[in-house]
Amino acid sequence: MSKIHDEESFEDFIASHLVEHGGYEHLPSEEFDREQGIFPDVVVSFVKETQPEKWEKLETAYKGNARKRFLQDLTSAMEGRGTLEVLRHGLRTTGTTINLAAFKPNTGLNPEVQKRYEANRLGVTQQFYYSTTDPKKSIDLALSVNGIPVATAELKNKFTDQSIIDAKSQYKSDRDPGEPALKFKRGTLVHFAVDQDEVEYTTQLDGDDTHFLPFNKGHDGGAGNPPREDSHRTAYLWEEVWEKDSWMELLQRFIHIDTEEIRKGGVKVDEEETIIFPRYHQLECVRQLVDASQENGAGEDYLIQHSTGSGKSKSIAWLVHRLVSLHNDADEAVFDGVVVVTDRTVLDEQLRNTIYELDHKTGVVHAIKGEQGSKSQELAEAIEAGKPVIITTLQTFPHVIEHAKRLPERDYAVVVDEAHSSQSGEMAHEMKQILSGIDIDEDDDAEDLIVKSAETRGNQENLSFFAFTATPKGKTLEAFGTVPEDGDKPEPFHVYSMRQAIEEGFILDVLQNYTTYETFYNIAKVIEEDPQVPQKKAVKAVSKFLKLHPHNISQKVEIIVEHFREHTQHKIGGKAKAMVVTSSRVHAVRYKKAIDEYIEKNGYDLNALVAFSGTVEDDGFEYTEKGMNDGIKESELPNKFDTPEYQVLVVADKYQTGFDQPLLHTMYVDKKLSGIQAVQTLSRLNRTHPGKEDTFVLDFENDRDDIYNAFQPYYEKTTIDETTDPQHIYQLESELNAFQIYTQQEVDQFAEAFFSPENKGTEQAHAKLSSHIQPARDRFMVADEETQNEFRSKLRSFLRLYKFQSQVVSYADTTLEKLYTFGRFLYKELPRDSSESRVEFNDELALQYYRLEKSDEGSIELGSSGGEGVSVPTETGTGSQEDEEVELSTIVEKINEELGTDFTEADQLFLDQIKEDALEDDHLRRSAQVNSRENFALEFDDALTEMFIDRMDQNQELFAKFMDNEEVQEAITKHLRREVYKESQTASS
């Protein structure tokens, strides 16, 4: 008699649930034919009952030998075409097609099809004796459809000291993949390893090389499964996934075979097939999106936050396939077409192949390539012709909205794969040209432009957006996010987090080995004059002088090359590569030259490439990417870098997003990174590769705390700090009116002329609009410079904020809309700020002192608390403010104060004593041990001020600097906070 806690009872429990609640029947293993790999009686019974007329044809054709010949034909087809193909598309024999399974129809219009679907016989077999060579070998569970086995499962019970690890080991070491029931393609399609807590699966048994994937729901933002009060953590597998309707849908719409060409020297030498079974988050995401679309219809937006490593291409393909044929409860099509927007050309082929594999239909996917004319025209024709699936690029995204507006009677799903931003910036540039009528910024990337383009649609009820991204910005969350019933802030509709992807082994943690360097400078003014210069611009110019200084670059190049040779070059079996991230195109040019010179000087066997756009002028010479790379074309560079010939790639605003190079192991950062840019840039390292066990970052520019703060919002589910406050726009409106640059009458007259149908397209239209703008422009021109700067900045803030907020807040306020329309045209008429001219120093300054030293190394541990969210535009400030004029000598002194080392030994001793005080404080020490860095800061920063006050008599000069100078206080606080936190953590481990 089995005990309640052993493996047999676990097996009984699952099988009983499937029979009682899942739509299955018990099939004894004795009825299984091991040589044929099927349950023959069940197969024949299903065909006879559901297709009697076809069975009659077989009886006639085979003259009383129908059963034997049919089973021979079936097993032969399974050997040749595979189990999935036979189940999905049937068996052709004697001039007829016999269906081996019936799938759920898209609509309920045909009761006969529904009746055939209900006739499917799903079987569960306990102790599945499958082997043709060893009659004693069995697998715990097997699932079959109409007598054809489709899945197996090894179950382990932790109460008997066995786990999922033992189940996987059993599949690898004790299950012969040559057996008919287990043979790849010909036998069962998927094999599950299951215990009470976790599930993993594989679609191909291959001895020790068998590769399992997690099939877990995720728990608290990470891997694993959430606890359940009433059952096992893994109960979703048999309660949800294996349930009849779910399982039949998996066979019909998800499982498919990928074929990849194996090429050598550009020539196809073989093909490799893979059975694709969705991971849990992919299955859940697609199903939830389909359910929401069925219920809500067109006009709703969905943001999907799926990390790198989530299998986004497959998720998109499955979603598109479902949306094309989706019907609501009234049997009406939910969407008339699906438009996929992506910059990945590979997605075209993947979508086409996946849909053909699932349906055996061609011509479903139409890619916009512009081969016969403009892409815009081809897109318009494809939409007008009603093509089911249209794939187009990010550049033509605005045209999708434009053409959909012209067909309000048709509903469209727009699936946006915006996570893979352009490597060269060309896509963003083209989108900016198309979006010329929209308020855009120079640094807007593809995601920003997609949001802004979508915002122009207003309330367009015939479009639903499905936006996939790994790192959603605040604007994206407000534009496409979903507000939960019990909340007030928009959030992603579905999440597969960075943390879960790391913990499940699909990407690497790029923050595990992070070393920072600190640079100390001292500069001098070497000209007699002391000119007045704009302070903010001068500080930037001095920083640029330091960054581009030959000594600075040469010192860093030595560290980079020697580090690469000593620590990186031997990684990944000697194939490891590195990227150097620079702050500008000139910076990249000088880095490339310095690296080449250093390698040649030392006779090293290394080669570097450089990536930047356009032509760079430096020291009287012109440089291009192609010229510096010995004639390698821009389009060829990624493939060239993939060869063993090149090891280092120097980049300037290229290849920092969307660049997929699994051999990239190390990154050298000499550029200020923050927020999403830091995440996207450093994530170039996270791709997995056989033999790639870790990554490394050496950072000359950024503080570890800043990198932590950049990654934390995207580690789990991304939220926003603060939702849009509708009152901000009214505050800006009031402040603009107070300048008295324009009158309300002028705004009204302009709006009347602008919106009047009579003026559309007439020659007088422009003149009328201009006449209403000119009085305001004239008043602006006679105002003093300070007023001009403040008004210009305030107007820009209003235009940007209203453009964004009007999409997420319903104002229904014609006054605001009129002012926005008037303001857009007025802003273009205003002269540019004269202070926007650049300041540069070359001959005026000299580098007197330089030191580069390692400041910190080790892992940057992200917290699971979620941290702060991302921000959205809520500011009502004036933007750029007046730049105070100061002497150049003052700028030099300030830079030296910030970057120099003019603390005395007495100062250092005082700071060490403060640190010891903090470490001896039990409360602070415990706080550091149990809190994240940002939470610890809340307590530490206040306590530090009190400690300074307690010791003020010991160093009154440093105490005064700390209390009076915010920059000094910030630098000391950040340094001591980091040291105390790190040493407290070390002491606790």
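This text follows the structure it describes.
I will try to describe carefully the structure that is included in this document. These numbers were taken from a predicted model, which means no experiment stands behind them.

A look at the overall build of the chain
Then comes step 1: Scanning the chain from N- to C-terminus turns up 37 helices and 29 strands.
Then comes step 2: Within the span of the chain, comprising 989 residues, buried residues form 52% of the whole.
Then comes step 3: Counted over contacts in the chain with a minimum sequence separation of 6, partners at least 24 positions apart contribute 74%.

A word on helix α13 (residues 375-385)
Then comes step 1: Looking only at α13, the buried set comprises E378, L379, A382 and I383. Looking down the long axis of α13, one finds its buried residues gathered within 130 degrees of arc, a one-sided arrangement.
Then comes step 2: G386 sits one or two residues past α13 and shows a positive phi near 75 degrees.

Structural notes on empty space enclosed by the protein
Then comes step 1: Scanning the entire structure with this criterion turns up three cavities of 30 Å³ or more.
Then comes step 2: Its boundaries defined by the atoms lining it, the largest cavity holds a volume of some 40 Å³.
Then comes step 3: Surrounding the largest cavity, E733, N737, Q744, V747, T815 and L819 form its lining.

Examining the packing of helix α20 (residues 550-568) against helix α22 (residues 585-602)
Then comes step 1: Look at α20 against α22: their axes get within 9 Å of each other, and the N-to-C directions meet at 60 degrees. Classed by the angle they form, the pair α20 and α22 counts as oblique. Between α20 and α22 lies a crossing of right-handed hand. Contact residues: α20 offers I553, K556, V557, E558, I560, V561 and E562, while α22 offers H587, R590, Y591, A594, I595 and Y598.

Re the sheet that holds strand β8 (residues 199-202)
Then comes step 1: Pairing is mixed across the open sheet formed by seven strands, whose spatial order is β1-β4-β5-β6-β7-β8-β9. The outermost strands of the open sheet, each flanked by one partner alone, are β1 (24-26) and β9 (213-214).
Then comes step 2: One ladder, built from two bridges, connects β8 with β9; its direction is antiparallel. Residue pairing across strands places Y201 opposite L213, the latter belonging to β9.

Things to note about the pattern of salt bridges
Then comes step 1: Scanning the model with the defined rule gives 38 salt bridges in all.
Then comes step 2: Between R121 and E25 there is a salt bridge, and its shortest N-O distance comes to 2.9 Å. In this pair, R121 sits in the loop between α6 (111-118) and β4 (122-129) while E25 sits in strand β1, placing the two residues 96 residues apart along the sequence.
Then comes step 3: What makes R121 partly exposed here is its relative accessible area of 22%.
Then comes step 4: Overall, the relative accessible area of 26% leaves E25 in the partly exposed class.

Points about helix α27 (residues 727-737)
Then comes step 1: Turning to α27, its buried residues are H728, I729, L732, E733 and L736. With its buried residues spanning 140 degrees around the axis, α27 presents them on a single face.

Digging into the environment of Y171
Then comes step 1: Residue position: Y171 is located in helix α7 (residues 164-174).
Then comes step 2: Residues in contact with Y171, not counting those within four places in the same chain, are I139, T152, A153, E154, H191, F192, A193, L205 and F212.

Overview of the packing of aromatic side chains
Then comes step 1: Counted under the stated rule, the structure contains 33 aromatic pairs.
Then comes step 2: Arranged with centres 5.8 Å apart and planes meeting at 80 degrees, the rings of F192 and F277 form a pair that is edge-to-face. Remark: F277 occurs in the loop between β11 (267-276) and α10 (280-296) and F192 occurs in strand β7 (residues 190-194); sequence separation between them is 85 residues. For the pair F192 and F277, one class covers both residues: buried.
Then comes step 3: Members of the aromatic cluster, each reached through a chain of ring pairs, are F192, Y201, F215, Y236, W242, W247, F277 and Y280.
Then comes step 4: In this structure, R565 packs its charged tip against the face of Y604, placed 3.7 Å from the ring centre.
Then comes step 5: For K828, the ring lying beneath its charged end belongs to F825, and the centroid distance is 5.5 Å.

Digging into the nonpolar core
Then comes step 1: F70, F192, F215, W242 and W247 are the most contacted members of the largest nonpolar core, which totals 92 residues.
Then comes step 2: Here the element with the most residues in this core is α10; it accounts for seven residues.
Then comes step 3: For F215, the residues in contact, after removing those within four places along its chain, are F192, V199, E200, Y201, Y236, L237, V241, F277, P278, R279, Y280 and L283.
Then comes step 4: The next biggest cluster of nonpolar side chains, apart from the first, holds 38 residues, and it includes F506, I507, Y646 and I860.

Observations regarding unusual backbone geometry
Then comes step 1: Unusually for a residue other than glycine, N146 sits at a positive phi of about 55 degrees.
Then comes step 2: With respect to the helices and strands, N146 occurs in the loop between β5 (138-145) and β6 (148-155).
Then comes step 3: Exposure remark for N146: the relative accessible area of 0% places this residue in the buried category.

Description of the side chain of H327
Then comes step 1: Positionally, H327 belongs in the loop between α11 (312-324) and β13 (337-341).
Then comes step 2: On the basis of relative accessible area, H327 is assigned to the buried category, the value being 18%.
Then comes step 3: Within polar-contact distance, the side chain of H327 engages the backbone oxygen of S325 at 2.9 Å.
Then comes step 4: Discounting chain neighbours no more than four positions away, the residues touching H327 are N106, T107, Q294, E332, A333 and V334.

Topic: the pairing of strand β15 (residues 389-392)
Then comes step 1: Burial along β15 is two-sided: the face carrying V389 and I391 and the face carrying I390 and T392 are both buried.
Then comes step 2: Here strand β14 (residues 365-367) pairs with β15 via three bridges, running parallel. In the strand pairing of β15, H366 is matched with I390.

As for a negative patch on the surface
Then comes step 1: Where like charges cluster on the molecular surface, the negative patch consists of D784, E785, E786 and E790.
Then comes step 2: Its location among the elements puts E790 in helix α30 (residues 785-808).
Then comes step 3: Look at E790 and you get partly exposed, because its relative accessible area is 35%.

Examining the pairing of β13
Residues in a regular strand project their side chains so that they alternate between the two faces of the sheet.
Then comes step 1: Counting buried residues in β13 gives five out of five residues, a clear majority hidden from the surface.
Then comes step 2: Residues G337, V339 and V341 line one face of β13 and the alternating positions V338 and V340 line the opposite face, and both faces are buried.
Then comes step 3: The pairing of β13 with strand β16 (residues 412-417) spans five bridges and is parallel. Its bridge partner being in β16, V339 is matched across the sheet by V414.
Then comes step 4: Two strands pair when backbone bridges link them, and β13 and β15 are joined in this way by four bridges, in the parallel orientation. Across the sheet, the residue bridging to V339 is I390, located in β15.

Points about the side chain of E625
Then comes step 1: Looking at where E625 falls in the secondary structure, it is placed in helix α23 (residues 625-628).
Then comes step 2: A polar contact is formed between the side chain of E625 and the backbone nitrogen of F612, at a distance of 2.9 Å.
Then comes step 3: Once residues within four sequence positions are removed from consideration, E625 is found in contact with V610, A611, F612, G614, E634, L637 and K654.

So, how was this worked out
- Residues numbered from 1 in each chain as written.
- Predicted model: local features only at pLDDT ≥ 70, side-chain atom pairs only at ≥ 80, totals over all residues.
- Heavy atoms only, no water.
- Helix = DSSP H or I, 4+ residues; strand = E, 2+ residues; numbered from the N terminus.
- Buried < 20%, exposed > 50% of the residue type's maximum accessible area, 1.4 Å probe, protein only.
- Contact = heavy atoms within 4.5 Å.
- Arc of directions from axis to C-beta.
- 1 Å grid on protein atoms, 1.4 Å probe; cavity = no way out; pocket = protein on both sides within 12 Å on 5 of 7 lines; lining within 4 Å.
- Points joined across faces, edges and corners; volume = space filled by probe spheres on them.
- Axes fitted to C-alpha atoms, helices over the stretch in contact; angles between N-to-C directions.
- Parallel < 35°, antiparallel > 145°, perpendicular 65-115°, else oblique.
- Left-handed = near helix turned anticlockwise from the far one by under 90°.
- Pairing = 2+ DSSP bridges.
- Salt bridge = Lys/Arg side-chain N within 4 Å of Asp/Glu carboxyl O.
- Phe/Tyr/Trp six-rings, centres within 6.5 Å; stacked < 30°, edge-to-face > 60°.
- Lys NZ or Arg CZ within 6 Å of the ring centre and 35° of its normal.
- Core = buried A, V, L, I, M, F, W, Y, C linked by side-chain atoms within 4.5 Å.
- Polar contact = N/O pair within 3.5 Å; in protein donor to acceptor, adjacent residues only side chain to side chain.
- Patch = residues over 30% accessible without salt bridge, like charges linked within 9 Å, V, L, I, M, F, W, Y side chains within 5 Å.
- Areas by Shrake-Rupley, 256 points an atom, 1.4 Å probe, with all protein chains shown as cover.
- Lys, Arg positive; Asp, Glu negative; His and termini not counted.
- Charge placed at Lys NZ, Arg CZ, Asp CG, Glu CD.

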